[in-house]
Each structure stands twice: as structure tokens, then as C-alpha cells.
Amino acid sequence: MPWEQREVNGVRYYRSQLLAQFPWLEQGFSTRAPVSPVTKPGVEEEYRRRFFALFGLTPDRIQMVRQVHGDRVLVIDRPQPGLELPEADAMITNQPGVGLATIHADCVPVVLVDPVRRVIAAVHAGWKGTLAGIVGQTIKRMEAEYGSKPADCWAAIGPAVGSCCYRVSRERIKLFQEKWPGLDWRAAEKRGVLDLAALNQQCLEKLGVRPARIDPARLCTACRDTDFYSFRREQTARRMLSLIMMK
Ligand SMILES: [Zn+2]
């Protein structure tokens, strides 16, 4: 199902239409801040604040992490905002009103929902995190903490660098082949590319999430320069937000 682009109060973002079926859930992936004739400092911060405000979120209700391309999953009961963010690449919660947000410019955003146990997760999966199995670690933690079953879970995979723009070394492809020898690597080998979103999707399916319950955006952050920042394309320090929360 194609992701829907919305514009509310001058803020553009994308959301999964599959997850939009849950009326008690909010989910969105922000775009780059509008280009203004004068580049003022703080423009990106202001755009982020306005994006969060669309969901009624103030800083004290938002949990973010210092993303380190690892496989650590944090359980969030109450957000602890501040300058000293904990190091992790995934968060889970069963608390309504808590916004889980990760930041991205090419790395894969994955959000998970278990509507049975009412648990959500936000995941940041770059190539290292994908290889480390961060999505699998997150589902396992949901199961351990809250009793979630993969067969009950839904997932959305947000905009990320596509295989169209993600050329990598043979050595890197080999790392993935060694980890998942059962997958089809012919296209990757032939073109020297990786499709990180597709790899995360395959991980989810292998864990037992039903294919019809996974909604990939299939939007390339490097191709779509009017919508997204891309580290590959512009070596920027700017990032989009991937947000999920239960109302
Ligand atoms: Zn592309």
C-alpha cells in the first residue's frame, strides 16, 4: 500500500496507510524543512517542533535516543528527555501518550505495533543495525517484556536509501551473505548494491510477521531530494523524524 503524503499546518509528512487503520495510533515520517531564501539557524529545530505539535507532543512526552548503530533496545515507561540521551537504536513502550522518535537520513526506520498487547516500537536500522539484527532484537524484547507474538504484530518500513542509490563494496555484501546465506543475492552481487529496507522486511517475515501486515514505503531518500535529507547525496547532518505513539 503506498504511503500517504499529508500536509497539516504547513508541515509535510508521510504515513503508512496500513497502520492508519488503528484509530488509537499515530505514526509519521517527517520531510525536510522547506527551503527558504535565507537559511536561518534553527529552521530544522522549529520544523521538528511543529511536526511533534501535530500529534500534541511536547518535549516531555517524547523519547529519543543517541543512535549508535548497535542492537540495544530500550523499554520506555516514562520519557526522560534531555541533552544526555541514552545510547540505543530501538525503543518499545506500552504507555499511551509517549512518542517514540528516531532520526534518519538514509538509514531504515521501522515501526512496530502489537494491537493485541498494545505495544509499539521504533527502530533505527542502518547497515550495521540491519546486520546486527536490530529488528529481531526489538521483537524479541516486545515478547519478553509484554508477551507480544510476532504473528500479532504489524510493521511499517519508512523512507530510506533504496538499492537505486546504495552502492556498496563487495566486502560489505559478503557480510550480509554470510549472515543470511539463504537469501537471493544475485541482484546485489551483479549491481554491487544493497536494499536495506527489503532486508529488514525479510527479517520481519522470517520472525513470523505476516507479509500482508508489513507496509514498506519504498521511497528512496537519496532520489527524492525535494522531500528528504540524504547523507549519501549531500553528507548532511540534518535528519528526518520517524515517530510512533499510542493516543
Ligand atoms: Zn534512489
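As the structure is a computational prediction, the values presented were derived from the model and not from experiment.

With that settled, the discussion passes to the pairing of strand β9 (residues 119-125). By the criterion of burial, β9 is predominantly enclosed, with seven of the seven residues buried. Residues V119, A121, V123 and A125 of β9 are buried on one face, and the alternating residues I120, A122 and H124, pointing to the opposite face, are buried as well. Two strands pair when backbone bridges link them, and strand β6 (residues 90-93) and β9 are joined in this way by four bridges, in the antiparallel orientation. If you follow A90 over to β9, its bridge partner there is V123. As judged from the seven bridges shared by strand β8 (residues 108-114) and β9, these two strands associate in the antiparallel manner. When the sheet's bridge partners are listed, V113 is paired in β9 with I120. Where β8 folds back onto β9 in an antiparallel hairpin, the turn is made up of four residues, including R118, whose phi is positive at roughly 55°.

Because each turn of an α-helix spans 3.6 residues, side chains separated by three or four positions end up pointing in the same direction. Under the 1.5 Å per step criterion, the end-to-end length of helix α6 (residues 196-207) is 17 Å for twelve residues, consistent within 8% with the ideal 16 Å. Looking at α6, one finds that the buried residues are L196, A197, L199, N200, Q201 and L204. Taken from the residues just after α6, G208 is the one with a positive phi, measuring 115°.

Attention now goes to the sheet that holds strand β3 (residues 25-30). Read from one edge of the open sheet, six strands run β1-β2-β3-β12-β7-β4, paired in mixed fashion. One side of each edge strand has no neighbouring strand; the edge strands of this open sheet are β1 (4-8) and β4 (62-63). With five bridges joining them, strand β7 (residues 99-104) and strand β12 (residues 240-246) adopt antiparallel strand pairing. Pairing of I103 across the sheet is with L241, part of β12. Set on the sheet, helix α1 (residues 43-54) makes contact with β1, β2 (11-15), β3, β4, β7 and β12; between it and β2 the angle comes to about 60°.

Here the focus is the environment of G129. Checked against the element boundaries, G129 lands in helix α2 (residues 127-132). With near-sequence residues (within four places) excluded, G129 lies in contact with H69, G70, D71, D89, H124 and I134.

What follows concerns unusual backbone geometry. The phi dihedral of N9 falls on the positive side, at around 50°, and the residue is not glycine. Structurally, the position occupied by N9 is in the loop between β1 and β2. Judged by the 8 C-beta atoms lying within 10 Å of it, N9 is exposed. Of note, D106 is a non-glycine position whose phi angle comes to about 110°, a positive value. Tracing the sequence through the fold places D106 in the loop between β7 and β8. When the 25 C-beta atoms within 10 Å are taken as the criterion, D106 is described as buried.

Strands sit in the order β5-β6-β9-β8-β10-β11 across an open sheet of six strands; the sheet is mixed. What marks the edges here is a single partner per strand, and that holds for β5 (73-75) and β11 (214-216). Geometrically, the sheet is characterised by an average inter-axis angle of 15° between neighbouring strands, direction not taken into account. The pairing of strand β10 (residues 154-157) with β11 spans three bridges and is parallel. Of the residues in β11, the one forming a bridge with I157 is P216. Across the sheet, helix α3 (residues 134-146) is in contact with β5, β6, β8 and β9; its angle to β9 comes to roughly 160°.

This paragraph deals with the environment of E84. Looking at where E84 falls in the secondary structure, it is placed in the loop between β5 and β6. The exposed category is assigned to E84, around which 7 C-beta atoms lie within 10 Å. Separated by 19 residues in the primary sequence, E84 and V65 place their C-alpha atoms 8.9 Å from one another.

Further remarks concern the nonpolar core. Inside soluble globular proteins, nonpolar side chains tend to come together where they are buried. Counting 69 residues, the largest nonpolar core has A121 and A155 as the members making the most contacts within it. Among residues more than four places away in sequence, those in contact with A121 are A90, M91, I92, V111, L112, T138 and M142.

Scoring rules and cut-offs
- Residues numbered from 1 in each chain as written.
- Predicted model: local features only at pLDDT ≥ 70, side-chain atom pairs only at ≥ 80, totals over all residues.
- Buried ≥ 20, exposed ≤ 12 C-beta atoms within 10 Å, placed from the backbone.
- Helix = DSSP H or I, 4+ residues; strand = E, 2+ residues; numbered from the N terminus.
- Pairing = 2+ DSSP bridges.
- Expected span 1.5 Å × (residues − 1).
- Contact = placed C-beta atoms within 7 Å.
- Axes fitted to C-alpha atoms, helices over the stretch in contact; angles between N-to-C directions.
- Core = buried A, V, L, I, M, F, W, Y, C linked by C-beta atoms within 7 Å.

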